[in-house]
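Reading the structure
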Number of protein chains: 4
Amino acid sequence: MQTSAQPPADATTARLLITCADQPGIISAVSTFLYHHGANITDFDQHASDPRGGRFFLRMEFQTPGLDCSWDALKNNFQHSVASHYGMEWQLTLAAQKKRMAILVSRHDHALMELLWRTMRGDLPAVIPMVISNHDDLRGEVERFGIPYHHIGVSADNKAEAEEQALSLLEGQVDLIVLARYMQILSPEFVARYPHQIINIHHSFLPAFIGANPYQQAWERGVKLIGATSHYVTDELDQGPIIEQNVARVSHRNNAEDLKALGQDVERQVLLRAVRWHLEDRVIVDGNKTVVFIK
Amino acid sequence: MQTSAQPPADATTARLLITCADQPGIISAVSTFLYHHGANITDFDQHASDPRGGRFFLRMEFQTPGLDCSWDALKNNFQHSVASHYGMEWQLTLAAQKKRMAILVSRHDHALMELLWRTMRGDLPAVIPMVISNHDDLRGEVERFGIPYHHIGVSADNKAEAEEQALSLLEGQVDLIVLARYMQILSPEFVARYPHQIINIHHSFLPAFIGANPYQQAWERGVKLIGATSHYVTDELDQGPIIEQNVARVSHRNNAEDLKALGQDVERQVLLRAVRWHLEDRVIVDGNKTVVFIK
Amino acid sequence: MQTSAQPPADATTARLLITCADQPGIISAVSTFLYHHGANITDFDQHASDPRGGRFFLRMEFQTPGLDCSWDALKNNFQHSVASHYGMEWQLTLAAQKKRMAILVSRHDHALMELLWRTMRGDLPAVIPMVISNHDDLRGEVERFGIPYHHIGVSADNKAEAEEQALSLLEGQVDLIVLARYMQILSPEFVARYPHQIINIHHSFLPAFIGANPYQQAWERGVKLIGATSHYVTDELDQGPIIEQNVARVSHRNNAEDLKALGQDVERQVLLRAVRWHLEDRVIVDGNKTVVFIK
Amino acid sequence: MQTSAQPPADATTARLLITCADQPGIISAVSTFLYHHGANITDFDQHASDPRGGRFFLRMEFQTPGLDCSWDALKNNFQHSVASHYGMEWQLTLAAQKKRMAILVSRHDHALMELLWRTMRGDLPAVIPMVISNHDDLRGEVERFGIPYHHIGVSADNKAEAEEQALSLLEGQVDLIVLARYMQILSPEFVARYPHQIINIHHSFLPAFIGANPYQQAWERGVKLIGATSHYVTDELDQGPIIEQNVARVSHRNNAEDLKALGQDVERQVLLRAVRWHLEDRVIVDGNKTVVFIK
C-alpha cells in the first residue's frame, strides 16, 4: 500500500560476515573465492581493530544468481578453501530468509508496538512467532496482529519454572529475542542459551543510571539530555555490548513524568535501529563491544 | 495501562494567549487582573518581536479553582478591563476542553497512524471526529479505532463538489484540520474557512524542494540531510507559517527509496510536535511566521 | 570587523533574577513595581518547580532609560517594597557591566582558546583579568592576547600554598572562575569562597565516567556517543549542578585518540554555552540542579 | 603540546581511490594486486551506485613498508595490470604528503580562523602556502601565523585582471583552494583550472536560500533550523556537488543577527569537515553528487 520504511531485501542477496585475526591477504582470498564462484559483490565493508595486528571484521553483500554451485556447496567450499586457512568465524545468510524474532515485554507497550507495527507493514525483515509477557495486559494489542501471546506470570517463588516455560516455548522457534521493556532479569542459564541473540532496551544513556528507575535518577541528577541504550544481554546487568544509543534534550521545565514520556520515543527509535541492524546481519560482537556496519 | 507520553493536562488549568502592539504596562495589567480574580499563574512565557516597538506575544497558564467569578464573567471582565485598553487579540481556553481534530489523508498511512495511535492512548489532547480521504485504502486501519472514515473521491471534474462535501462534513465539528499527507491542493475558499486551523506536513526542509516529489528532488541534488516541515496552510502552496522542522542525515549509500523511508520517520515526528503545540495553545501566528512557546 | 557571534547587550538593558517560594501575586507585584518606576520589560521568563507549592524562578530584562529613580534607589525600593514581602533572593545587574572571568587551565589549550578568542572578538560579554595555570606551557598563547598569565606549580607538597597564592591573585578581581580543563581538584575552602561562581568542563556525559580518563573509559565500554558536561563546582567531584551537556556520535572505527579529538570539540561548545549563559545571568541554581533561561 | 584533533596520518599509509563502471571481479583484482606487491590493506570502503550496473567507487588505505617495488613502479604496474583492464579512474596518494591549501577570504574571519588554527596545531593535514583576500582587513590575523597574505582588490572594472593575478600566485603552488566566505564569484575560466579542487562554504542549507543574504532570507521565511553547506565550486552558483551540510535550531526569539551568529558556528564546523575529508582523500565526485567515505 505504502512504501515500506526499508525496501524488502532483494530476493537474491546473500550476506557474509567474517571475524578473524588480522593478516595480509584476507580480502584478496575472500573476494577471489566469491568471484570464481560467480558471486557478484555489491556491498563491502571492513574494519581492522588495530592497523598493527588486531582483529579483522568484514561484512559483504553479494548477488547469488550467477553462483556456479549450490548454497550448501558454497558454504562447504568456503570453509575448506578460505575460512579454515585464516581461522575465521563466519556466517553466510540469505536476505530473503527472514529471522524469527520473539518479543518479551512487561506492561509498557511503546517499544512492543513499534516492533509489531514495523514488522507487520514490512519495514522490519522479521517474522514474529510469539510475544511472551509476565503480565496479561497487552494481550489484546498483540493478538490483533494475529500473533500468539503467552502470559507467564513471574513471582519470587516461580522464577525458575517460569523461565523453563519460556525456554520451552522458544526452543527451536527463534533466531532473536527482543526484550522490549521486559522488567525481569534473565538467569545466566537463560542468557547462555542465546549468546548475542538477546537484545535489550535500557531506558538510560548507559553506563549512566544503571538499574531501576533511570528516568527518576536522571531527573534527580538534573541532566540536560536523557538517553536510551540497546545492547546484547549478558550475565552482568546492563553491561553487555552496546549496539546503539541516542539522546533527547530536556530542561528544567520537564518533570520526571516528562522525561519518561520523551524517553519512550528515544527508546523506540534506538531499539528499532538495533533490531534492524541485527536482522540485517550488520552487527558483529567484538569482546564487550560491537562493530556495526551501518548502511 | 502505561504512562502516557504526555500527562493529561490538569483538569483545572486554563490558558491565555495574547497578541498586541508592544507597550509598557501590559504584563502588570494582565497579571494583576488575574491575581485579583483569584487565578494562580503557573506558567508564563512572553515574546517581544522588537525591544523598540514591535509586537507583544504572551502565553500563560493559570489554575482556576480560586476564581472569584464564572468562566464567562472572567472573559467579559478581561475584555473590558484589560484587552480593549491595549487593543489585544486574545484567547482563553481550558486545558480540559480537548480540541476536535479532523484528519485528511490520501494513501500514505505513516503520519495518520502516528496521530491516531497517540490520540487513542491519551498522548495527544484531542478528539478525532472523523478521517476524510480521497481514497478508500485506509478505511480498515481507521475504523479499527472506532473513528468514522469518509471516502470522498476527487477528480479533475468534481474538485469543487468534493470540497463542498468535505466542508459540510466538517462544518461545526472541528477546531483543527490536519493534512497527514493529503495529496490534494485545497482551494482558497476552503482555506479561508479555517484560518490558521489547517496544519500540513510537507516532506522536505522548506523552502527547499517545494512541490511534488521532494525526496526524488533531494536525491537528485545529492543533499546530505533530508527534512520535513509542518506549517499552517495558506493560499500559497507550501508557503504558510512554519511551525516545526527537522532533518535526518543521509549519505551516498541511500537511494531515493531510502530517503523516502527515512523521511517518513521525520515527517511523523515533525507533524506530531506541530499538532501537539497547536492543541496545547502554544502557537501564535505572527505575519507569515510563528511564535511557539515550547515547554 | 565582523559581526560578533552575539550582538553586544544593549547599553540600557538591566536584568532581574528572582527565586522564592511560589505563591500567588508575585508576577503582579514585580511587574507593577517596575512599571511604576518607568522600567520597560522586554523579556520575561518564569519557572515554577511545582504547580502546587514549589519554588518560583524569574528572569526578566528591562530597559532603563525611563527609570524615575537612580539604580541604587531602584534596588533599595525593590528590596523594601517587594522582595522582603515575598522572601525573595534576587539580583539586579546591568548588561553593560561585563563580568570579570578568570580562567584556570593545565595543558590542554582547546577550551582556553575558545574562551579567549570569543571574548577578544566581542562574542562573549566578559573581561579576562588573568589566566592561572599549574604549567607554563600555554603562556605564549595567552600573553599574545595581552592577558596576564600566572604559573603556579602544584605538587603533593605545596597544594595548600598554591591555592593560597591563586586565591590572593583572584581576591576582588573576579566574578567568575572557569576551569578550562584544569586538572587539579580544588579544596572545599577554595570552592566555598566562590559559591556557584566556578564553572568546570568535564569530558564525559555525566554521571557516566566520573573521574580520570573518561575518553579511555568510554572507549573501553564501547559507547556509541561521547559527551561533555559543564557544571558548577561543589565539594563533591563532578557532582555539582549541571548547566549544559552535549554529545557526539562515534563508532567502532574510532579509537581512544579519536574520541579525545572529537570530544574536545564537544567540550569547547558545551563550556562556551554554559559560560555564556552564566555571563548573561541566565542560570539560577535550584538545589543541585539549574534553571537555565535560554534565549 | 596537546593531543591533536586527528592523529597525524601514519607515515607509511597510502590511499587508493578508484571509480569505474561496476562489473564483477574488481575487488578481487585490486586486492590481489596489492597483496602480491606486499601492501597490507588496513581500511577498505566501497560503494556501488546501483546493484545492477551502476558506477563502482572504492577507497582503501594500505601500509607501504612491505612493498616489493618503488612507489612509481607500483603506480605503473597498477595502471597496466588492473586499471586499464577495467577502465578505472584512480589516484594513489601518500598520507604523509600533505596537500597544499590556499584560502580565499573576504572580510568574515570565522571560517578562515578555524582552518588556520586547526592546521597550525596539526589537526588538519595540510600546508597553507598563502591566503588571498579582496580586502586587507585580515592581514594581521593571518601573518601572525607566518602565512603570506595577498591583498588583491576586486572591482567591477578589474575583475579579470584580479583573477589573473590570483591565478599566477596559485599556479603550481596548490592542490586545493578553499573559499572561506569569499564574496566574489569566480569566472568559469578560473573554475575550469581547478576542477573539483575548489571548496566553498555557503551559509544556508542548500538548495534553500541560494544567492545573497541567506540568513536574512531565512529569518524572513521564519524557518526553525538554519544551515550551512560545503560544496565543490562549479560554473553554476551554489549548484556544485555537496560534500557536507548541517543545521542548528533557531526560534522566534532569534533575530537575523542571531541567525548569522549561530550560523557562523555551523559554517565553521561544516567547512572543516568537508576540507578534512578532501584532504584525507575521502571524497569522490559522482556527477553532481559526492561519495564521501567517512571514518
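Residues numbered from 1 in each chain as written. Chains lettered and ligands numbered in written order. Predicted model: local features only at pLDDT ≥ 70, side-chain atom pairs only at ≥ 80, totals over all residues. Heavy atoms only, no water.

**Here's the deal with the interface of chain C and chain A**
Tallying the contact residues gives 34 residues for chain C and 34 residues for chain A. Our count for the contact surface shared by chain C and chain A stands at 4 salt bridges. With a closest N to O distance of 3.0 Å, Glu244 of chain C and Arg249 of chain A form a salt bridge. Linking chain C with chain A are 24 residue pairs in polar contact (both at pLDDT 80 or more). For the side of chain C that touches chain A, the leading source of residues is strand 12 (residues 242-249) of chain C, giving 7 residues. Considered class by class, the residues forming the side of chain C that touches chain A number 14 nonpolar, 10 polar and 10 charged. (Contact = heavy atoms within 4.5 Å. Salt bridge = Lys/Arg side-chain N within 4 Å of Asp/Glu carboxyl O. Polar contact = N/O pair within 3.5 Å; in protein donor to acceptor, adjacent residues only side chain to side chain. Helix = DSSP H or I, 4+ residues; strand = E, 2+ residues; numbered from the N terminus. Nonpolar A, V, L, I, M, F, W, Y, C, P; charged D, E, K, R; others polar.)

**Brief notes about unusual backbone geometry**
A cis geometry characterises the amide bond from Leu206 of chain A onward to Pro207 of chain A, with omega recorded as 10°. As for its position among the elements, Pro207 of chain A is in the loop between strand 10 (198-202) and helix 7 (214-221). Positive phi outside glycine occurs at Asp281 of chain B, with the angle close to 55°. Locating Asp281 of chain B in the fold gives a position in the loop between helix 8 (256-279) and strand 13 (283-286). Note on Asp281 of chain B: relative accessible area 4%, which makes it buried. (Buried < 20%, exposed > 50% of the residue type's maximum accessible area, 1.4 Å probe, protein only.)

**Regarding the packing of helix 7 of chain A against helix 8 (residues 256-279) of chain A**
Residues and elements named next belong to chain A. Direction vectors running N to C along helix 7 and helix 8 enclose 125°, while the axes themselves pass 9 Å from each other. When the axes of helix 7 and helix 8 are compared, the pair comes out oblique. By crossing handedness, the relation of helix 7 to helix 8 is classed as right-handed. Judged by residue contacts, Tyr215, Gln216, Ala218 and Trp219 of helix 7 engage Ala256, Leu259, Lys260, Gly263, Gln264 and Glu267 from helix 8. (Axes fitted to C-alpha atoms, helices over the stretch in contact; angles between N-to-C directions. Parallel < 35°, antiparallel > 145°, perpendicular 65-115°, else oblique. Left-handed = near helix turned anticlockwise from the far one by under 90°.)

**A closer look at a nonpolar patch on the surface**
Together, Ile185, Ile210 and Leu237 of chain A make up an exposed nonpolar region whose accessible area comes to about 260 Å². Tracing the backbone shows Ile210 of chain A in the loop between strand 10 and helix 7. (Patch = residues over 30% accessible without salt bridge, like charges linked within 9 Å, V, L, I, M, F, W, Y side chains within 5 Å. Areas by Shrake-Rupley, 256 points an atom, 1.4 Å probe, with all protein chains shown as cover.)

**What about the pattern of salt bridges?**
Pairing between side chains of opposite charge can happen when the charged atoms of each approach one another. For the coordinates displayed, the defined rule picks out 103 salt bridges over all chains. A salt bridge links Asp258 of chain A to Lys295 of chain B, with the shortest nitrogen-to-oxygen separation between them at 2.9 Å. A residue pair is termed interchain when its members come from two chains, as with Asp258 of chain A in helix 8 and Lys295 of chain B in the segment after strand 14 (289-292). Owing to a relative accessible area of 3%, Asp258 of chain A belongs among the buried residues under this scheme. Exposure remark for Lys295 of chain B: the relative accessible area of 37% places this residue in the partly exposed category.

**Focus: the pairing of strand 13 (residues 283-286) of chain C**
Residue and element names in this part refer to chain C. Both strand 13 and strand 14 (residues 289-292) contribute to a ladder of 4 bridges, which runs antiparallel. Of the residues in strand 14, the one forming a bridge with Ile284 is Val291. Linkage of strand 13 to strand 14, two consecutive antiparallel strands, is achieved through a turn of 2 residues, within which Gly287 is found at a positive phi near 65°. (Pairing = 2+ DSSP bridges.)

**Here we look at the packing of aromatic side chains**
In total, this model carries 16 aromatic pairs over all chains according to the counting rule given. Their ring planes at 40° and their centres at 6.2 Å tell us that Phe190 of chain A and Tyr194 of chain A sit as a pair that is tilted. You can call Tyr194 of chain A buried: its relative accessible area is 8%. An angle of 45° between the planes, with centres 4.3 Å apart, marks the rings of Phe44 of chain B and Phe44 of chain C as tilted. Taken together, the residues span two chains, with Phe44 of chain B in strand 2 (residues 40-48) and Phe44 of chain C in strand 2 (residues 40-48). When its relative accessible area of 0% is taken as the criterion, Phe44 of chain B is described as buried. An aromatic cluster is present here, built from Phe33, Phe78 and Trp90 of chain A joined pairwise through their rings. (Phe/Tyr/Trp six-rings, centres within 6.5 Å; stacked < 30°, edge-to-face > 60°.)

**Structural notes on the relation of the copies chain C and chain A**
The operation relating the two chain copies consists of a rotation about an axis and a shift along that axis. Superposing chain C onto chain A takes a rotation of 180° combined with a translation of 0.0 Å along the rotation axis, leaving an RMSD of 0.0 Å. On the angle and the small slide along the axis, the relation comes out as a two-fold axis. Of every C-alpha in chain C, the one belonging to Ala208 of chain C sits nearest the axis of rotation, 2.3 Å from it. When the interface residues of chain C are mapped onto chain A, 100% of them are again interface residues, pointing to one common binding face. (Least-squares fit on C-alpha atoms with pLDDT ≥ 70 in both.)

**Details of the interface of chain C and chain B**
Each partner contributes to the interface: chain C provides 18 residues, whereas chain B provides 18 residues. Carbon and sulfur atoms supply 52% of the area buried between chain C and chain B, which totals about 1,600 Å² over both sides. Three residues stand out in chain C for area buried against chain B, namely Tyr35, Phe44 and Gln46 of chain C, and they jointly supply 27% of the buried area on that side. At the junction of chain C with chain B, the criterion picks out 0 salt bridges. The interface formed by chain C and chain B holds 8 residue pairs in polar contact (both at pLDDT 80 or more) in total. (Buried area = accessible area lost by both parts, 1.4 Å probe.)

**Quick word on the packing of helix 1 (residues 26-36) of chain B against helix 2 (residues 71-86) of chain B**
Residues and elements named next belong to chain B. Closest axis-to-axis distance for the helix 1/helix 2 pair is 11 Å, and the angle between their directions is 165°. In terms of their interaxial angle, helix 1 and helix 2 are classed as roughly antiparallel. Seen along the crossing, helix 1 lies across helix 2 with a hand that is right-handed. Where helix 1 abuts helix 2, its residues Ile26, Ala29, Val30 and Phe33 lie against Leu74, Asn77, Phe78, Ser81, Val82 and Tyr86. The residue makeup of the contact of helix 1 with helix 2, split by class, is 8 nonpolar, 2 polar and no charged.

**Details of the UniProt feature "active site" (unreviewed entry) in chain A**
The UniProt record annotates "active site" (unreviewed entry) at Asp238 of chain A. For Asp238 of chain A, the location among the structural elements is in the loop between strand 11 (225-232) and strand 12 (242-249). Those residues in contact with Asp238 of chain A that sit more than four places away from it in its chain are Asn200, His202, Leu206, Ile210, Gly211 and His231 of chain A together with Arg221 of chain C. Only 3.4 Å separates the side chain of Asp238 of chain A from the side chain of His202 of chain A, close enough to count as a polar contact. (UniProt positions renumbered as here; feature names shortened; annotations may be inferred.)

**Details of the relation of the copies chain C and chain B**
For these two chains of identical sequence, chain C goes onto chain B by a turn of 180° and a shift of 0.0 Å along the axis, with RMSD 0.0 Å. Most of the interface of chain C is mirrored in chain B, where 100% of its interface residues are also at the interface.

**What about the UniProt feature "domain: ACT" (unreviewed entry) in chain A?**
If you check UniProt for "domain: ACT" (unreviewed entry), the listed places come out as residues 15-97 of chain A in our numbering. Helix makes up 33% of residues 15-97 of chain A and strand 37%. Its end C-alpha atoms lie 11 Å apart.

**What to know about helix 3 (residues 110-120) of chain D**
What sets the pattern is the α-helix's 3.6 residues per turn: residues three or four places apart point alike. Residue and element names in this part refer to chain D. Counting buried positions along helix 3 gives 10 out of 11 residues, so the element sits mostly inside the fold. Those residues of helix 3 lying buried are His110, Ala111, Leu112, Met113, Glu114, Leu115, Leu116, Trp117, Arg118 and Thr119. Immediately beyond the C-terminal end of helix 3, within one or two residues, lies Gly122, with a positive phi of roughly 85°.

**Concerning the environment of Arg100 of chain C**
Residue and element names in this part refer to chain C. Within the secondary structure, Arg100 sits in strand 5 (residues 99-105). For Arg100, a relative accessible area of 28% translates into the label partly exposed. It is 6.6 Å that separates the C-alpha atoms of Arg100 and Pro129, two residues lying 29 residues apart in sequence. Apart from residues lying up to four places away in sequence, Arg100 is in contact with Val127, Pro129, Gly172, Gln173, Val174, Asp175 and Leu176.

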